[in-house]
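Secondary and tertiary structure notes
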Amino acid sequence: MSTVAVEVKRIVNGVNVGDVEELVGAIQQNPQLASSRFRLTNKWINGGHNQSRISGFYSGGEDQQHLQEFVLEADEPPVLAGTDKGANPVEHLLNALAACLTTTLVYHAAVRGIEIRALEADVEGDIDLRGFLGLSNEVRRGFENIRVNFRVDTDAKNIELLKALSKLSPVFDTTQNGTNVGVSIARM
């Protein structure tokens, strides 16, 4: 009688913990695998309307392709002289922050065996348009404040740890600490 080994996947919060542990182990063995580069192309359509396309990225030591191309529409609402064909750029930033914080919490909780039964967030940010419009050098051009309010269905003992784990989010780090951004403009 032969026995067949059956691999049992440990899934917590919808995350295959074995896959995450395998990734961590590979990076610990070869730190160069941690180097990643995410990219997109953006094309102006008309007015405030523009479109970004995302199809690939670099990670794990090689170029990777998404299973499908993602198209993100951006525009401004009519009150800001747009045609409202997509979320505006600062709303995309809030989405990126919320999505990254959520993913960070779920993944890190899963690896630690913390069950999250439900997780929701409300995110809002304050901008004084005088900065963007060039009407005042006294106010920032970007968000002055951003507030993220999570509601999570988990055991009470997990709340403080989840607060600490949220700080591991790459987008949180970028928005909290800033990053160098190089802009070049060349003629077509």
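Below is a short write-up of the structure. In this convention, every chain numbers its residues from 1, walking through the sequence in written order. Local features are withheld for residues below a pLDDT of 70 in this predicted model, meaning they are given only at 70 or higher, and side-chain atom pairs are given and counted only at 80 or more; totals for whole chains, interfaces and linings count all residues. To obtain the side-chain values, all non-hydrogen atoms of the structure were used and water was disregarded.

Here's the deal with unusual backbone geometry
In this structure, Asn-13 takes a positive phi of about 60° despite not being glycine. Helical segments are the DSSP runs of H or I of at least four residues, strand segments are the runs of E of at least two, and each set is numbered from the N terminus. Structurally, Asn-13 is set in the loop between strand S1 (11-12) and strand S2 (15-16). The phi dihedral of Ala-81 falls on the positive side, at around 70°, and the residue is not glycine. Tracing the backbone shows Ala-81 in the loop between strand S6 (62-74) and helix H2 (89-111).

What about the packing of aromatic side chains?
Geometry of aromatic contacts follows a simple scheme: Phe, Tyr and Trp rings, the Trp one being its six-membered ring, pair when their centres are within 6.5 Å, and the pair is stacked under 30 degrees between planes, edge-to-face over 60, tilted otherwise. Scanning all chains against the criterion turns up one aromatic pair. Their ring planes at 20° and their centres at 5.4 Å tell us that Phe-38 and Phe-57 sit as a pair that is stacked. In this pair, Phe-38 is assigned in strand S3 (residues 37-38) and Phe-57 in strand S5 (residues 49-59), connecting sequence segments 19 residues apart.

Observations concerning the pattern of salt bridges
A side-chain nitrogen of Lys or Arg and a carboxyl oxygen of Asp or Glu constitute a salt bridge if their distance falls within 4 Å. What the rule picks out here adds up to twelve salt bridges. Two residues, Arg-39 and Asp-63, come together in a salt bridge whose shortest N-O distance is 3.2 Å. Note that Arg-39 is positioned in the loop between S3 and strand S4 (41-46) and Asp-63 in strand S6, a separation of 24 residues in sequence. A 1.4 Å probe rolled over the protein chains alone gives each residue an accessible area, and that area as a share of the maximum for its type sets the label: buried under 20%, exposed over 50%, partly exposed in between. Overall, the relative accessible area of 37% leaves Arg-39 in the partly exposed class. For Glu-69, the salt bridge goes to Arg-53, with nearest N and O atoms at 2.7 Å. Taken together, the positions of Glu-69 in strand S6 and Arg-53 in strand S5 put the pair 16 residues apart, joining distant regions of the chain. Of the residues examined, Glu-69 reaches a relative accessible area of 43% and is grouped as partly exposed. The exposure class assigned to Arg-53 is partly exposed, which follows from its relative accessible area of 34%. Among the charged side chains, a salt-bridge network with shared partners connects Glu-115, Arg-117, Asp-153 and Asp-155.

Concerning the nonpolar core
Buried Ala, Val, Leu, Ile, Met, Phe, Trp, Tyr and Cys residues that are joined via side-chain atoms within 4.5 Å together make up what is termed a nonpolar core. Residues Val-12, Val-15, Val-17, Val-20, Leu-105, Val-106, Ala-109, Ala-110, Ile-114, Ile-116, Leu-162 and Leu-165 constitute the largest nonpolar core, which totals twelve residues. Contributing elements (two or more residues each) for this core: helix H1 (17-29), H2 and helix H4 (159-166). Tallying contributions element by element places H2 first for this core, with four residues.

Details of the packing of H2 against H4
For every element, the axis is a line fit to its C-alpha atoms; helices are fit only across the contacting stretch, and the angle between N-to-C directions ranges from 0 to 180 degrees. Close contact between H2 and H4 brings their axes to 9 Å; oriented N to C, the two are set at 125°. With respect to their mutual orientation, H2 and H4 come out oblique. For the crossing formed where H2 meets H4, the hand is right-handed. Judged by residue contacts, Leu-101, Thr-104, Leu-105, His-108 and Ala-109 of H2 engage Leu-162, Leu-165 and Ser-166 from H4. Nonpolar residues are Ala, Val, Leu, Ile, Met, Phe, Trp, Tyr, Cys and Pro. Charged residues are Asp, Glu, Lys and Arg, and all others, Gly as well, are polar. Considering only residue class, the contact of H2 with H4 consists of five nonpolar, three polar and no charged. For this classification, under 35 degrees means roughly parallel, over 145 means roughly antiparallel, 65 to 115 means roughly perpendicular, and everything else is oblique. When the near helix sits turned anticlockwise from the far one by under a right angle, the crossing is termed left-handed; a clockwise turn instead gives a right-handed crossing. Contacts are residue-level and defined by heavy atoms, with any inter-residue pair within 4.5 Å sufficient.

Any functional reading would require information beyond the geometric quantities listed.
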